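# Remarks on the overall topology
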Amino acid sequence: MDSLEADGGPAPRRVRVDLAGRAVRRASYSRQELEEQTQVGEVLIRGLVRAQLALALSLAGVVILLLGTLPIAFALFPALGDVYVLGLRLPWLLLGILAYPLLYVVGWLHVRQAERIEDDFSKAVGPTQDPETNGPWQ
Amino acid sequence: MAVSGSPYALPAIIVVTVLTIGIGAYGLRFSRTTSDFLVASRSISPGWNASAISGEYLSAASFLGVAGLVMKYGADVLWYPVGFAAGYLALLLFVAAPLRRSGAFTLPDFAEARLGSRALRRWSVFFVVVIGWLYLLPQLQGAGLTLRTLTGAPYWVGAVVVGVVVTVNVANGGMRSITFVQAFQYWLKLTAIAVPAFFLLIVWQSGGFADLSGGQAPTFDEQTSVRVDTGVTVVLGEPLTLSVDGFADGADVDGPVRWTAGDHQIAAGTVLVFPDGAAVPHVSGLPALSGQTWAAPLGSGGGSPDHPLFATYSLILATFLGTMGLPHVLVRFYTNPDGRAARRTTLIVLALLGVFYLFPTLYGALGRLYTPQLLITGQTDAVVLLLPGAALGGLLGQVLGALVAAGAFAAFLSTASGLLVSVSGVLSTDVMGRGSVRDFRRAATVAGLVPLVIAAQIDRLDVSQVVGLAFAVAASTFCPLLVLGIWWRGLTAVGALAGVLAGGALSLTAVLVTVFGGELDGWPGVLLAQPAAWTVPVAFAVLVVVSKATAARIPPNIGRTMLLLHAPESLGLGRATPS
């Protein structure tokens, strides 16, 4: 690592490079940039936050589209309230029963995708180094 | 009521209460330090944690109130349970993992750590306590109602029993023991509501799935005698000959009378005997919905018939966004080991709540068939308690009636415990001491006594409506603070404080006018009874606008904070100053 930091130093030392070693160094470099709030670190963390927010907003959009539009739909087309499906009136079937599996499926998709985004971020940043898992704020 | 509670109900309630105290005492052996008390040392697995969160969340409003509302108002109030569950989806999408990663203990901790403002912290403490107490009131009152319905005990007895049991339990065990208790309570509540529902379905099926959405208002399908416990004015749709024993319309009556269509005043203690096939009169102020209006959406507006669409959207906003701002919900997230566990816990909660909320709707709907006399007094909150006995009868009905009574008590005990833990948590660290175990115990005593005194004073306060208003206040204060605090770098302490105060002041005003003021009609009525649709956007707007105006005061370490909130813990980023 110190070899990579030596940018502004007198004469760059020659180092032996192999592929695996380079990957490790590259990753650790990102980690340091994140910790020191350099521009590269900024870009990395902004990318992570943006990806997670986009995921959350798009899934919220799915719920708004499928559930949130129901009152307006019932107001515009009152006849929907009289439609029977599987022996139940449509509003009762949708709100009394089907809403719950829908919420769960959306939640499941979110957990899966959010963990993927985090895994990608972890790969970009590098291997775990003295994990201080439950440290308090600051 | 002619339909009375089961004789086994009281023993069942006592068993639940003793079990709660017993499990609490068992957990006490593990509670040693302040950290144990407040957040159970963060060592609880997602499965346990999710059961505990659900157990804590399913309150009097969910166990009794939803069915009562469905019975009264029909399709429009199906949004209550959907919103109560969907609140956890909003929490999952926007808050769960980052909040856990923040490492903050309580909402005021989060506010202060994110924005570094003592003033914001103090106001957060204020709103945690306000929302907590607002939510505690209906739990204690639900307990009073339940004991009165089942045993005829005075209203204050149930409130005092639950208040004292919970206060002593929390003061002695803190949250570690509460986690065990809460997890146990979820499974008890699910059993208590699901098993009788199974038998109710059989009864309904044997009656050929009698249609609930026909053109008529509910009728008595046999001669029914009804005892009126508190004085009430009922509205008759058509003239009716019935037998009255007691005091009605300003005169002593004993025997058959012919009542005209319109209002009739009935004094407490009066017994009415309705003939077979009579239409059920409704308490004044409650519309006598035909089956058609009841079953169709936007028919009743959930009690706001003038502007049902606005009321519905306001309710959706309050419940979807309010859950994340409830202090007793958030405090549970600190007990997850990390951000990922927080997400998985929330997902399990969504499943557990989704299963539970299938049942109250069924009770509310069948209540119109088997216990229509509850519409006379308007006390439909008792439908879950009385339905098994009324529909099934015999020993089976009594045993199942005792089971739902036990579940209802579990609901009051668990939610009240959770609320008390979070209110005492912030009181002990911010107002009454420095967060030592002794401070926590003192704070728990105060936090439990205050709502107990208020609850004993106010006899009639609508359980579900107060809960809905607590959601509206939470959605107008902590929801914008959390969502913008987690996702938006531009938030400043001044902006957050202005937004929280604006949303909090507006929604609290609406709450106070609705609860203590008179009935308002038209737009003012619906804007105050369902305030979220305007107070939540106002709160968000004020947060954003004032933050932009004070952009120079964005916390300088915002990049590090974002790293801490959003990067997986295993990377160890943003958690310690780089060496």
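What you see is a predicted model; the values in this text were computed from it and never measured. Every chain is numbered on its own, with residues counted from 1 as its sequence reads. To read the labels, note that chains go from A and ligands from 1, taken in the order they are written. This being a predicted model, a pLDDT of at least 70 is required before a residue's local features are given, and a value of 80 or more before pairs of side-chain atoms are given or counted; all residues contribute to the totals for chains, interfaces and linings. Computation of side-chain values covers all heavy atoms of the structure but excludes hydrogens and water.

### A word on the overall build of chain B
Secondary structure elements are taken from DSSP: a helix is a run of H or I of four residues or more, a strand is a run of E of two residues or more, and numbering for both begins at the N terminus. A count of helical and extended segments in chain B gives 23 helices and 7 strands. Whether a residue is buried, partly exposed or exposed follows from its accessible area with a 1.4 Å probe, protein chains only, as a fraction of its type maximum: under 20%, in between, or over 50%, in that order. In chain B, which comprises 579 residues, the share counted as buried stands at 63%. When checking whether two residues touch, look at their non-hydrogen atoms; a contact exists if any pair is within 4.5 Å. Across chain B, contacts joining residues at least 24 apart in sequence account for 83% of those joining residues at least 6 apart. Accessible areas in this description were obtained via Shrake-Rupley with a 1.4 Å probe; residue shielding takes into account the shown protein chains only. For chain B, the accessible area works out to roughly 18,700 Å², and carbon and sulfur atoms hold 63% of it.

### Points about the overall build of chain A
Scanning chain A for helices and strands turns up 5 helices and 2 strands. Among the 138 residues that make up chain A, the fraction classed as buried is 36%. Put simply, 62% of the contacts in chain A that link residues at least 6 apart link residues at least 24 apart. Total accessible area computed for chain A in this model is approximately 8,300 Å², and 64% of it derives from carbon and sulfur atoms.

### Some words on the pattern of salt bridges
Each reported salt bridge corresponds to a side-chain nitrogen of Lys or Arg within 4 Å of a carboxyl oxygen of Asp or Glu. By the definition in use, this model includes 11 salt bridges over all chains. Between Asp109 of chain B and Arg121 of chain B there is a salt bridge, and its shortest N-O distance comes to 2.9 Å. Highlighted residues: Asp109 of chain B in helix α7 (residues 107-115) and Arg121 of chain B in helix α8 (residues 118-151), separated in sequence by 12 residues. The exposure classification of Asp109 of chain B matches that of Arg121 of chain B, with both residues buried. Using a relative accessible area of 7% as the deciding quantity, one classes Arg121 of chain B as buried. Beyond isolated ion pairs, a larger network of salt bridges with shared partners links Glu115, Glu118 and Asp119 of chain A together with Arg101, Arg340, Arg343, Arg344 and Glu569 of chain B.

### Digging into the side chain of Arg343 of chain B
You can see Arg343 of chain B is positioned in helix α13 (residues 339-356). Definition of a polar contact: a pair of N or O atoms within 3.5 Å, with one able to donate and the other able to accept a hydrogen when the atoms are protein atoms, and with sequence-neighbouring residues admitted only if both atoms are side-chain atoms. Of the polar contacts made by the side chain of Arg343 of chain B, one reaches the side chain of Glu118 of chain A; its length is 2.6 Å. Excluding residues within four positions of it along the chain, Arg343 of chain B makes contact with Gln52, His110, Val111, Ala114, Glu115 and Glu118 of chain A together with Leu92, Ala97 and Arg101 of chain B.

### Digging into the packing of aromatic side chains
Residue and element names in this part refer to chain B. Two rings from Phe, Tyr or Trp (for Trp, the six-membered ring) form a pair when their centres are within 6.5 Å of each other. A pair whose planes differ by under 30 degrees is stacked, one over 60 is edge-to-face, and the rest are tilted. Considering all chains together, one arrives at 14 aromatic pairs over all chains under this definition. Note on Tyr57 and Tyr88: the rings are 4.8 Å apart at their centroids and 90° apart in plane angle, and the pair reads as edge-to-face. Separated by 31 residues along the polypeptide, Tyr57 in helix α3 (residues 46-57) and Tyr88 in helix α5 (residues 79-94) bring together distant segments of the chain. With a relative accessible area of 1%, Tyr88 lands in the buried category. Judged by centre distance (5.5 Å) and plane angle (70°), the rings of Phe409 and Phe412 are edge-to-face.

### Thoughts on the environment of Thr445 of chain B
Residues and elements named next belong to chain B. Relative to the elements of secondary structure, Thr445 occurs in helix α18 (residues 437-457). For the pair Thr445 and Val170, spaced 275 residues apart in the sequence, the C-alpha separation amounts to 8.8 Å. At 2.8 Å, the side chain of Thr445 forms a polar contact with the backbone oxygen of Arg441.

### Observations concerning the nonpolar core
Throughout, nonpolar core names a set of buried Ala, Val, Leu, Ile, Met, Phe, Trp, Tyr and Cys residues whose side chains join them through atoms within 4.5 Å. Counting 205 residues, the largest nonpolar core has Leu67 of chain A together with Tyr363 of chain B as its most contacted members. The domain boundaries here were taken from an automatic or database domain assignment. Counting only domains with at least three residues in this core, you end up with domain 1 (9-208 + 294-568) and domain 2 (224-279) of chain B. With near-sequence residues (within four places) excluded, Leu67 of chain A lies in contact with Leu95, Ala99, Leu102 and Leu103 of chain A together with Trp79, Val82 and Phe320 of chain B.

### Here's the deal with helix α5 (residues 90-125) of chain A
Multiply 1.5 Å by the residue count of a helix minus one, and that product is the helix's expected span. Helix length check: α5 of chain A (36 residues) gives 50 Å between terminal C-alpha atoms against 52 Å at 1.5 Å per residue, within 8%. The term bend refers to the angle at a residue between two fitted axes, each drawn through seven residues, those ending there and those starting there. Where α5 of chain A bends most, at Leu98 of chain A, the angle is about 55°, and the proline Pro101 of chain A comes one to four residues later.

### Points about a nonpolar patch on the surface
Note that patches include only residues with greater than 30% relative accessible area and no salt bridge, and the join distances are 9 Å for like charges and 5 Å for nonpolar side chains (Val, Leu, Ile, Met, Phe, Trp, Tyr). Taken together, the side chains of Ile72, Leu76 and Phe77 of chain A together with Leu309 of chain B make up a nonpolar region of the molecular surface, amounting to roughly 380 Å² of accessible area. Of note, Ile72 of chain A is situated in helix α4 (residues 70-76).

### Things to note about the packing of helix α20 (residues 493-516) of chain B against helix α22 (residues 532-549) of chain B
The geometry of a pair of packed helices is captured by two quantities: the angle between their axes and the separation between those axes. Residue and element names in this part refer to chain B. Here α20 crosses α22 at 160°, and the two axes come no closer than 7 Å. Classed by the angle they form, the pair α20 and α22 counts as roughly antiparallel. Of the two elements, α20 crosses α22, and the hand of that crossing is right-handed. Every residue of α22 that contacts α20 at Val494, Gly495, Ala496, Ala498, Gly499, Val500, Ala502, Gly503, Leu506 and Ser507 is listed here: Trp534, Thr535, Val538, Ala539, Val542, Leu543, Val546 and Ser547. Classification convention: Asp, Glu, Lys, Arg as charged; Ala, Val, Leu, Ile, Met, Phe, Trp, Tyr, Cys, Pro as nonpolar; all other residues, Gly among them, as polar. Its residues assigned to classes, the contact of α20 with α22 comprises 12 nonpolar, 6 polar and no charged. Helix axes use the C-alpha atoms of the stretch in contact, all axes being lines fitted to C-alpha atoms, and the angles between their N-to-C directions lie in the range 0 to 180 degrees. Geometric relationships in this document are graded by angle, where less than 35 degrees denotes roughly parallel, more than 145 denotes roughly antiparallel, 65 to 115 denotes roughly perpendicular, and other angles denote oblique. Rotating anticlockwise by less than a right angle from the far helix to the near helix defines a left-handed crossing, while the corresponding clockwise rotation defines a right-handed one.

### So, the packing of α3 of chain B against α13 of chain B
All names here are of chain B. For the pair α3 and α13, interaxial distance at closest approach is 8 Å and the crossing angle is 50°. Between α3 and α13, the interaxial angle falls into the category oblique. Where α3 crosses over α13, the two elements pack in a sense that is right-handed. Here Pro46, Gly47, Asn49, Ala50, Ser51, Ile53, Ser54 and Tyr57 of α3 come into contact with α13, specifically with Ala341, Thr345, Ile348, Val349, Leu352 and Leu353. Residues belonging to the contact of α3 with α13 are distributed by class as follows: 9 nonpolar, 5 polar and no charged.

### As for the environment of Ala60 of chain A
With respect to the helices and strands, Ala60 of chain A occurs in helix α3 (residues 39-68). Note on Ala60 of chain A: relative accessible area 15%, which makes it buried. With residues up to four places along the chain from it excluded, the contact list for Ala60 of chain A reads Leu93 and Phe94 of chain B.

### Observations regarding the pairing of strand β2 (residues 232-236) of chain B
Residue and element names in this part refer to chain B. Burial of the side chains of β2 is restricted to one face: Val232, Val234 and Leu236 are buried, whereas none of Thr233 and Val235 on the reverse face is. In this analysis, strands are considered paired if DSSP registers two or more bridges between them. Where β2 and strand β5 (residues 262-266) come together, 5 bridges link them in antiparallel fashion. Opposite Thr233, over in β5, you have Gln265 as the bridge partner. Both β2 and strand β7 (residues 282-283) contribute to a ladder of 2 bridges, which runs antiparallel. What sits directly across from Val235, in β7, is His282.

### Remarks on the side chain of Ser424 of chain B
For Ser424 of chain B, the location among the structural elements is in helix α17 (residues 394-431). For Ser424 of chain B, the contacting residues outside a window of four places in its chain are Val170, Phe440, Ala443, Ala444 and Ala447 of chain B.

### Section: the environment of Ala505 of chain B
Secondary-structure assignment places Ala505 of chain B in helix α20. Once the C-alpha coordinates of Ala505 of chain B and Ala539 of chain B are considered, the two residues, 34 residues apart in sequence, prove to be 9.9 Å apart.

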